[in-house]
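# Descriptive structure summary
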Amino acid sequence: MSPTIVSPDSSTLTMVMALLPKWEFKLGWLLAIMVRLCRGWDPMQPITIMTVTSISMCRTIRTKLILFYTAGIAKYTLFYVGFAGKFVDYDNDGYKDILTGNGSSLLHHHKKDDMVTFEETNQMFRNNGDGTFNEVSKELGPAFQEKYVTRGVAVADYDNDGDMDILVCDWNDTAKLWRNNGGNRNNWLMVKTVGTRSNRDGMGARVKVTAGGITQTDQVKCGGSYLSDSDRRLHFGLGKSKTVDLIEVRWPSGLVEQFRDIKANQLVVLTEGEGITKQVAFTWK
């Protein structure tokens, strides 16, 4: 089943949010109320919450609550506050995984509810390739076992070994660089865009990569997490595929270019209107 988004009625949402400063709702009660007020909700369908914010954040941002079916994430995130999130293929299998940086927004929240703490572990959810995810944080080493108050995350292949590493920025603490030591067991491709008619960095260019029967699309962009900016080179995990069948780039200027039969495990520089202008095969120990 494909994920289905159910949006609460905006007037009802405002009414529920207005009640929050007066009543100390348990998070579960709040979610139950929001679900019951959602239009089109089928009570027989299992509901998964992809992103859950604390009550205090709901008071502040007055945002809509987004509900997803069958993703398999809710039971792992219900009592976490996710401040940062990135899609990143940490194992290069061709499917984007989900990284969340967690940390409560209330310093003394744990004094009222022992299910919520100020410091929280960060989480990684592995994409199963069928629209569902499994939490694999405990399999990824001690970095994901320590508790932090994370506010921003960035991802980049800082050591150019073919897999994506993680930089974590925490409240009242030093930044932490987590090196990925196993993602490059699978194949990969990095794409750097250089604009000529478009902006210099090709910001906004959409790149489509097809390999091994899997097509991935990404966009050159900046930002994406609180006070953080990730590697602007686009990273594509290729699984066991050693060749990319097709690269298609749509530039902001409207120009569309295609390139075929590109070897894996290298950085490809695409210059607008000039094609592939550089190829660099990374080596690592």
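Anyway, here's the lowdown on the structure attached to this text. (Residues numbered from 1 in each chain as written. Predicted model: local features only at pLDDT ≥ 70, side-chain atom pairs only at ≥ 80, totals over all residues. Heavy atoms only, no water.)

### Here's the deal with the sheet that holds strand β18 (residues 243-250)
Rule in force here: When DSSP locates at least two bridges between a pair of strands, those strands are taken to pair. The helix count covers DSSP runs of H or I at least four residues long, the strand count covers runs of E at least two residues long, and both are numbered beginning at the N terminus. Axis definition: a line fitted to C-alpha atoms, limited for helices to the stretch in contact. Angles are taken between N-to-C directions and run from 0 to 180 degrees.
Across the sheet, four strands lie side by side as β14-β13-β18-β19; this open sheet has antiparallel pairing. Both outer strands of the open sheet, β14 (214-219) and β19 (256-263), are each paired with one neighbouring strand and no more. For this sheet the average axis-to-axis angle between neighbouring strands, irrespective of direction, equals 15°. Summarising the sheet, strand β13 (residues 206-211) and β14 pair through six bridges and their orientation is antiparallel. Counted as the bridge partner of K208 is T217 from β14.

### Quick look at the nonpolar core
Generally speaking, a soluble globular protein has its nonpolar side chains buried in company with each other. Rules: Here, nonpolar core refers to any group of buried Ala, Val, Leu, Ile, Met, Phe, Trp, Tyr and Cys residues whose side-chain atoms link them within 4.5 Å. Throughout, exposure labels follow a simple rule: accessible area from a 1.4 Å probe, protein chains only, divided by the maximum for the residue type, with under 20% read as buried, over 50% as exposed, and the rest as partly exposed. Contact criterion: two residues are considered in contact whenever any of their non-hydrogen atoms come within 4.5 Å of each other.
With 19 residues, the main nonpolar core has L189, V207, V209, L238, I247 and L270 as its most contacted residues. For this core, the elements supplying multiple residues, two or more each, are β12 (187-194), β13, β17 (234-239), β18, β19 and β20 (267-271). Apart from residues no more than four positions distant in its own chain, L238 is found in contact with N92, G94, N187, W188, L189, V209, A211, V244 and A264. Judged by nonpolar contacts, the second largest core, of 15 residues, contains M124, Y148, M164 and W178.

### Let's talk about the environment of N127
Short version of the rule: The definition of a polar contact used here is a pair of N or O atoms within 3.5 Å, where within protein one atom must be able to donate a hydrogen and the other to accept one, and adjacent residues in sequence count solely through side-chain atom pairs.
Tracing the chain through its elements places N127 in strand β6 (residues 123-127). For N127, a relative accessible area of 12% gives the class buried. The sequence separation of N127 and V88 amounts to 39 residues, and the corresponding C-alpha distance is 9.8 Å. Beyond its immediate sequence surroundings of up to four residues, N127 is in contact with D93, Y95, K96, D97, T132 and F133. Of the polar contacts made by the side chain of N127, one reaches the backbone oxygen of K96; its length is 2.9 Å. A polar contact is formed between the side chain of N127 and the backbone nitrogen of G129, at a distance of 2.7 Å.

### Quick notes on the sheet that holds strand β10 (residues 165-170)
Across the sheet, which stays open at both edges, the three strands sit in the order β9-β10-β11 with antiparallel pairing between neighbours. Either end of the sheet is taken by a strand with one partner, and the two such strands are β9 (150-156) and β11 (176-178). On average, each strand axis in the sheet is inclined to that of its neighbour by 20°, with strand direction left out of account. Two elements, β10 and β11, share three bridges in a ladder whose sense is antiparallel. Residue I166 lies in a different strand from β11, and its bridge partner there is W178.

### Considering the pattern of salt bridges
Opposite charge on two side chains permits them to pair, given that their charged atoms come into close proximity. How we decide: Whenever Lys or Arg places a side-chain nitrogen within 4 Å of a carboxyl oxygen from Asp or Glu, that contact is recorded as a salt bridge.
Overall, the coordinates contain 12 salt bridges when judged by the stated rule. Between R126 and D93 there is a salt bridge, and its shortest N-O distance comes to 3.3 Å. Highlighted residues: R126 in strand β6 and D93 in the loop between β3 (82-88) and β4 (97-102), separated in sequence by 33 residues. Taking relative accessible area as the criterion, R126 reaches 29% and is therefore assigned partly exposed. Ionic pairing is found between D201 and R232, a salt bridge with its closest N-O pair at 3.7 Å. Pair noted here: D201 is in the loop between β12 and β13 and R232 is in the loop between β16 (228-229) and β17, with a separation of 31 residues, a long-range link. For D201, a relative accessible area of 29% gives the class partly exposed. You can call R232 partly exposed: its relative accessible area is 34%. Bridged by salt links that share partners, the residues R200, D201, D229 and R232 form one connected network.

### Quick word on the pairing of β13
Note on strand geometry: in a regular strand, side chains alternate between the two faces of the sheet. As consecutive antiparallel partners, β13 and β14 are separated by two residues, and within that stretch G212 has a phi angle of approximately 60°, a positive value. Pairing of β13 with β18, which is carried by five bridges, proceeds in the antiparallel orientation. Residue pairing in the sheet places V209 in a bridge with I247 of β18.

### Digging into the packing of aromatic side chains
Rules: What counts as a ring pair is set by centres within 6.5 Å for rings of Phe, Tyr and Trp (its six-membered ring), and what kind of pair is set by the plane angle: stacked under 30 degrees, edge-to-face over 60, tilted for all other angles. Counting as a charge over the ring demands two things of the Lys NZ or Arg CZ atom: a distance within 6 Å of the ring centre and an angle within 35 degrees of the ring normal.
Per the stated rule, a full pass over the model turns up three aromatic pairs. Between Y148 and W178, the aromatic rings sit 6.2 Å apart at their centres with planes inclined by 45°, giving tilted as the arrangement. With Y148 in strand β8 (residues 147-148) and W178 in strand β11, the pair connects residues that are 30 residues apart, well separated along the chain. In this structure W178 comes out as buried when scored by relative accessible area, which is 12%. Three or more aromatic residues joined by ring pairs form one cluster here, namely F144, Y148 and W178. The cationic tip of K96 hangs over the ring face of F236; the distance from NZ or CZ to the ring centre is 6.0 Å.

### Notes on unusual backbone geometry
The phi torsion at N92 lies on the positive side, around 55°, for a residue other than glycine. Within the fold, N92 resides in the loop between β3 and β4. For N92, a relative accessible area of 0% puts it in the buried group. Residue D261 is not a glycine yet carries a positive backbone phi of 55°. Assignment of secondary structure puts D261 in strand β19.

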